[in-house]
Amino acid sequence: MTTVEYRPTGRANPRHTEFSLLGSLLQAPIRSGNDLAALVTQRISVEVLDRLGEHGLTPDELLFIIHRRTLSHRRQNGERLSTDESDKAIPREDSCTSRDGVWKPGKCHELASRQ
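Residues numbered from 1 in each chain as written. Predicted model: local features only at pLDDT ≥ 70, side-chain atom pairs only at ≥ 80, totals over all residues. Heavy atoms only, no water.

> Would you mind going over helix H1 (residues 16–26) in detail, with residue names and values included?
Of all the positions in H1, only Glu18, Phe19, Leu22, Gly23, Leu25 and Leu26 are classed as buried. For H1, the buried positions fall inside an angular range of 165 degrees around the axis, keeping them on one side. A positive backbone phi angle near 50 degrees is found at Gln27, which sits one or two residues after H1. (Buried < 20%, exposed > 50% of the residue type's maximum accessible area, 1.4 Å probe, protein only. Helix = DSSP H or I, 4+ residues; strand = E, 2+ residues; numbered from the N terminus. Arc of directions from axis to C-beta.)

In structure tokens form, the structure reads like this:
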């Protein structure tokens with residue numbers, strides 16, 4: 001039986017810019033939402049929070065993700081974030097990026113404070 005490689009044609013992935021930005025922030029290849037879910041399951045490192053801070057994550061937004069004392073313990077013990085913390089740390093297109101794919105951390109906190 002012959003195997004045929006699937007190569008989608010047509011419009012490019014509209015989330016490519018977002019996935020590219022997230023991939024550089026998370027230092028992992030991101031091609032789909034499934035890749036993001038896998039990262040959450042594997043738990044991301046605390047260094048990701050440092051990179052997010054370099055891109056505009058404010059102290060208030062950091063507190064939404066993890067408490068300072070817990071973060072300090074995770075750093076001292078070389079632990080990764082929990083799955084819940086990892087999920088909160090990964091910016092989502094619908095809540096944290098503008099239409100052009102630029103991450104807007106203030107939008108994350110704004111939405112989180114409404115919930």
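> If you had to explain the environment of Leu36 to someone new, which residues and values would you point to?
Positionally, Leu36 belongs in helix H2 (residues 33–42). On the accessibility criterion, Leu36 (7% relative accessible area) is buried. With 51 residues separating them in the primary sequence, Leu36 and Asp87 have C-alpha atoms 8.8 Å apart.

> Describe unusual backbone geometry, listing the residues and the values that go with them.
With a phi angle near 50 degrees, Gln27 is a residue other than glycine that sits in the positive phi range. On the secondary structure map, Gln27 appears in the loop between H1 and H2. The phi torsion at Arg43 lies on the positive side, around 70 degrees, for a residue other than glycine. With respect to the helices, strands and loops of the structure, Arg43 is situated in the loop between H2 and helix H3 (47–54). We classify Arg43 as partly exposed; its relative accessible area is 34%.

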